[in-house]
Amino acid sequence: MDFLNAIVLLSNYVLIPSLVYGSQLALGALGVTIVFGIMRFANFAHGEMMSFATVSTIFITWWFQSIGLTAGILPTALLALPFGILITGLLVWATERSVFSYYRQRKSKPVIFVIASVGVMFMLNGVVRLFIGTDEIIFMDGLKFLIKAGEFKKWSGLNEGLALKQTQVLTVLLAILAVAWLFWFLQKTKMGKAMRAFSDNEDLALLSGIDPEKVVRATWFISAVLITLAGVLYGLDKSYKPLIYFHLLLPIFAAAIVGGIGQPLGAILGGYIVAFSEVAATYAFKKFLRYLGPEGWSPEDLVQLLSTEYKFAVSFLILVLVLLIRPTGLFKGRVL
Amino acid sequence: MISVRNLYKHFGGVQAVNGISLEIQTGLITGLIGPNGAGKTTLFNLIAGTFPPDQGQIMLDGEDVSGLRPHQLFSKGLLRTFQIPHEFHSLTARENLMMVTLTLLRETLISAWFQRKTLHQQERKIAMKAEEVMEFLNIRHVADELAGNLSGGQKKLLELGRTMMVDAKVVILDEVGAGVNRTLLKEIGDAIELMNQEKGYTFCMIEHDMDFISRLCNPVIVMAEGKLLTEGSAEEVKSNEMVIEAYLGRGASSGLN
């Protein structure tokens, strides 16, 4: 019984949250990695683009709610998601036309692109707060819990409850769908193959008649889809705060680099590694160990590696360690 | 086929191509020779659209193509190979060849789902073509090897193979024979001749091997210091004093005699 209690406790506070958080990071890291794989620069504006995507989805959600359009037990934001993707696509395309294409035509070095994306980041950061303000926004509606802790306790007779939020299930499901679609796209379609060829050897791709402009356009669009999904799912699951996406940039970059930047599979794996480490390092294992230890025994302190305020330090640590020990990341190569 | 008019290109203080004008005739195999630094590869890069010229015009079949990008030239039937072989590292040799035809596939996101059968047939045809090309170039045994792992010579052959996958009008070869052994060189020469005679490909090739040039090319164009030095048959060019001087330095021709 104690063993089961320990498992449920761990699932409730570590396994499920990190699986969900990991999926959100994986979607974010995939976006960073795809852009890097094609355009060879790390897009620092990625986090703020996620913020923008979430805000546009929130506005559409509010509008839908105001005209009485909801999705029943599902969150209304799900209906707004396609529109969010479209608006984000437009924004990303506008940035491409007004900023990045200029540097591409001049064949600027990657570091110039990185700095330009930092500029875009600061600009978007301001624009987003101008429209939505600085308050925390909860835009989740519909059914909150699929399994409630109390009900689970009653049903199982255990001391520990297991809660499962709808957003958690949605996040994992949508992440799986998006990743499956992305891999199908990259492996099977003409544009996907063109993107991989372009990522492998740009000169040769051009010589095979692959239009670089089309590849760039497709890349930004895919990145917009991933940006919106990651941003909205994170916001739904927690809440929307303007600066939170800026902070998310670190774990997302850590995830992309752990997996080997430019490698989609690596980005996904990296997302989960970062999420699990972050959650596990900031969880207090006292109760968990009490269940597993002998009767009546209890650890003296909380058995917590880091306090939750320091959770971003975990990504930072992972980032530093990977860059020191295996700079190429888990999967080598910078090819899609 | 290709006509270059008054072309200029400089890199920093180096005038790599210095006002050259020349013609590459349809149906012929034109050789381009010259000492190192003569601007041959820069000229090729200009023709192939790697970078735009500073000044001047490049005409392909009577159409001004100066400044067009490589992918646009591909659709107009111009192909090239690189002096240092390029390949898709992460793809096998076979996939490398098939990649050339990618943009010729009629496929949309919708048909990728719903007309998989037609696409499959298209792809099988291309796969058979790739098989043929590899057989021809004697690299079938490495078909499923990642292209990044091939030897230098095999990569060269793969380069040539790419140009055989589609029906090109004109192919420019940048030292296709360099670093390839004698037997293979002969086979490459045979392949080029065959493509020229049977399929009507026009070739222009940079080469240093004079025997190879003499066998295949007529006419031969000689470049030096970014300019056209002379043009003629391989025999004429070989005995031209200006050419010997360009290669060996002033006064060399009198020393030879």
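Data block above holds the structure.
Now for a look at the structure at hand.

Quick notes on the rules
- Residues numbered from 1 in each chain as written.
- Chains lettered and ligands numbered in written order.
- Predicted model: local features only at pLDDT ≥ 70, side-chain atom pairs only at ≥ 80, totals over all residues.
- Heavy atoms only, no water.
- Helix = DSSP H or I, 4+ residues; strand = E, 2+ residues; numbered from the N terminus.
- Rg over C-alpha atoms; globule rule 2.2 N^0.38 Å.
- Buried < 20%, exposed > 50% of the residue type's maximum accessible area, 1.4 Å probe, protein only.
- Pairing = 2+ DSSP bridges.
- Right-handed = clockwise from strand over helix to strand, strands pointing away.
- Contact = heavy atoms within 4.5 Å.
- Buried area = accessible area lost by both parts, 1.4 Å probe.
- Salt bridge = Lys/Arg side-chain N within 4 Å of Asp/Glu carboxyl O.
- Polar contact = N/O pair within 3.5 Å; in protein donor to acceptor, adjacent residues only side chain to side chain.
- Nonpolar A, V, L, I, M, F, W, Y, C, P; charged D, E, K, R; others polar.
- Axes fitted to C-alpha atoms, helices over the stretch in contact; angles between N-to-C directions.
- Parallel < 35°, antiparallel > 145°, perpendicular 65-115°, else oblique.
- Left-handed = near helix turned anticlockwise from the far one by under 90°.
- Patch = residues over 30% accessible without salt bridge, like charges linked within 9 Å, V, L, I, M, F, W, Y side chains within 5 Å.
- Areas by Shrake-Rupley, 256 points an atom, 1.4 Å probe, with all protein chains shown as cover.
- Core = buried A, V, L, I, M, F, W, Y, C linked by side-chain atoms within 4.5 Å.
- Expected span 1.5 Å × (residues − 1).
- Bend = angle between axes of the 7 residues up to and from the residue.

## Description of the overall build of chain B
So, point 1. Helix and strand content of chain B: 11 helices and 10 strands.
So, point 2. Against the compact-globule benchmark of 18 Å for 257 residues, chain B has a radius of gyration of 20 Å, which places it among compact chains.
So, point 3. Once the C-alpha set of chain B is aligned to its principal axes, its extents read approximately 70 × 40 × 35 Å.
So, point 4. Sorting the 257 residues of chain B into buried and exposed places 51% on the buried side.

## Comments concerning the pairing of strand β7 (residues 170-174) of chain B
Residues and elements named next belong to chain B.
So, point 1. With 5 of 5 residues buried, β7 lies mostly within the body of the structure.
So, point 2. Side chains V170, I172 and D174 of β7 all project onto a buried face; the interleaved residues V171 and L173 project onto the opposite face, where all are buried too.
So, point 3. Both strand β6 (residues 78-80) and β7 contribute to a ladder of 3 bridges, which runs parallel. Each bridged residue has a counterpart across the sheet, and for L79 the counterpart in β7 is V171.
So, point 4. Of the strand pairs in this sheet, β7 and strand β8 (residues 202-206) are connected by 5 bridges, and their pairing is parallel. The partner of D174 across the bridge, within β8, is I206.
So, point 5. Between β7 and its parallel partner β8, the chain crosses via helix α7 (residues 182-198), and the hand of that crossover is right-handed.

## Some details on the interface of chain A and chain B
So, point 1. Between chain A and chain B, the residue contacts involve 23 residues of the former and 26 residues of the latter.
So, point 2. Interface of chain A and chain B: buried area, both sides summed, is about 2,300 Å²; carbon and sulfur atoms make up 64% of it.
So, point 3. Together, K190, L204 and L207 of chain A form the three largest contributors to the area buried by chain A at its contact with chain B, with a combined 31%.
So, point 4. Between E123 of chain B and K193 of chain A there is a salt bridge, with the nearest N and O atoms lying 3.2 Å from each other.
So, point 5. If you look at where chain A meets chain B, you find 8 residue pairs in polar contact (both at pLDDT 80 or more).
So, point 6. Put simply, the parts of the chain that give the side of chain A that touches chain B at least two residues each are α6 (166-188), α7 (190-200) and α8 (202-207) of chain A.
So, point 7. Looking at the side of chain A that touches chain B residue by residue, the class counts come to 11 nonpolar, 4 polar and 8 charged.

## Regarding the packing of helix α2 (residues 46-66) of chain A against helix α3 (residues 77-105) of chain A
Residue and element names in this part refer to chain A.
So, point 1. Relative orientation of the contacting elements α2 and α3 amounts to 140 degrees, with a least axis distance of 8 Å. Overall, the two elements α2 and α3 adopt an arrangement that is oblique. α3 is crossed by α2, and the crossing has right-handed handedness. Judged by residue contacts, M49, F52, A53, S56, T57, I60, T61 and F64 of α2 engage A77, L79, A80, L81, F83, G84, I87, T88, L91, V92 and T95 from α3.

## So, a nonpolar patch on the surface
Residues and elements named next belong to chain A.
So, point 1. A grouping of F316, L317, V320, L321, L324 and I325 is seen on the molecular surface, where their side chains present a nonpolar patch of about 640 Å² in accessible area.
So, point 2. Of note, I325 is situated in helix α13 (residues 311-325).
So, point 3. Classification of I325 as exposed rests on a relative accessible area of 67%.

## So, the nonpolar core
So, point 1. By size, the foremost hydrophobic cluster in this structure holds 151 residues, and its most contacted members are M195 and Y240 of chain A together with I192 and M205 of chain B.
So, point 2. Counting residues in hydrophobic clusters, the runner-up holds 27 residues, among them M1, I2, I24 and I221 of chain B.

## Notes on the environment of Q263 of chain A
All names here are of chain A.
So, point 1. Topologically, Q263 is positioned in the loop between α10 (244-258) and α11 (264-282).
So, point 2. Taking the relative accessible area as the measure of exposure, Q263 reaches 15% and is therefore buried.
So, point 3. Between the alpha carbons of Q263 and R217 there is a distance of 19 Å; along the sequence they are 46 residues apart.

## Some remarks on the pairing of β8 of chain B
Residue and element names in this part refer to chain B.
So, point 1. Most of β8 is tucked away, with 5 of its 5 residues classed as buried.
So, point 2. One ladder, built from 4 bridges, connects strand β3 (residues 29-33) with β8; its direction is parallel. What sits directly across from G31, in β8, is M205.

## Section: the pattern of salt bridges
Residue and element names in this part refer to chain B.
So, point 1. Counted according to the given criterion, the structure contains 20 salt bridges over all chains.
So, point 2. One salt bridge connects R94 with D144, and the closest N-O pair in it is separated by 2.4 Å. You can see R94 sitting in helix α3 (residues 93-99) and its partner D144 sitting in the loop between α5 (116-137) and α6 (152-165), a full 50 residues away along the chain.
So, point 3. Connected via shared salt-bridge partners are R94, E131, E135, R140 and D144.

## Regarding α10 of chain A
Residue and element names in this part refer to chain A.
So, point 1. If you check α10, its first and last C-alpha atoms are 22 Å apart, about what 15 residues at 1.5 Å a residue would give, namely 21 Å.
So, point 2. Taken as a whole, α10 carries its principal kink of about 25 degrees at L250; the proline P251 stands between one and four residues after it.
So, point 3. Here α10 lies mainly inside the structure; 12 of its 15 residues are buried.
So, point 4. Of all the residues in α10, the buried ones are I244, Y245, L248, L249, P251, I252, F253, A254, A255, A256, I257 and V258.

## Describing helix α9 (residues 212-237) of chain A
So, point 1. Between the first and last C-alpha of α9 of chain A there are 37 Å, a value that for 26 residues agrees with the 38 Å anticipated at 1.5 Å per step.
So, point 2. Across the 26 residues that make up α9 of chain A, a large majority, 22, are buried.

## Here we look at the side chain of T189 of chain A
So, point 1. Its location among the elements puts T189 of chain A in the loop between α6 and α7.
So, point 2. Of note is the side chain of T189 of chain A, whose polar atom sits 2.7 Å from the backbone oxygen of F185 of chain A.

## Things to note about the sheet that holds strand β10 (residues 227-232) of chain B
Residues and elements named next belong to chain B.
So, point 1. Spatial ordering of the open sheet is given by β6-β7-β8-β3-β9-β10, a layout of 6 strands whose pairing is mixed. The open sheet terminates on both sides in strands that have one partner only, identified here as β6 and β10. The sheet shows a mean angle of 20 degrees between the axes of neighbouring strands, taken without regard to direction.
So, point 2. Across 5 bridges, strand β9 (residues 220-224) lies against β10 in antiparallel orientation.

## Quick notes on the sheet that holds strand β2 (residues 14-24) of chain B
Residues and elements named next belong to chain B.
So, point 1. Spatial strand order, β2-β1-β4-β5: 4 strands in an open sheet with antiparallel pairing. The sheet is open, and its two edges are formed by β2 and β5 (63-64), each paired on a single side.
So, point 2. With respect to the sheet, helix α1 (residues 40-48) is in contact with β1 (2-11), β2 and β4 (55-60), its orientation differing from that of β1 by roughly 115 degrees.

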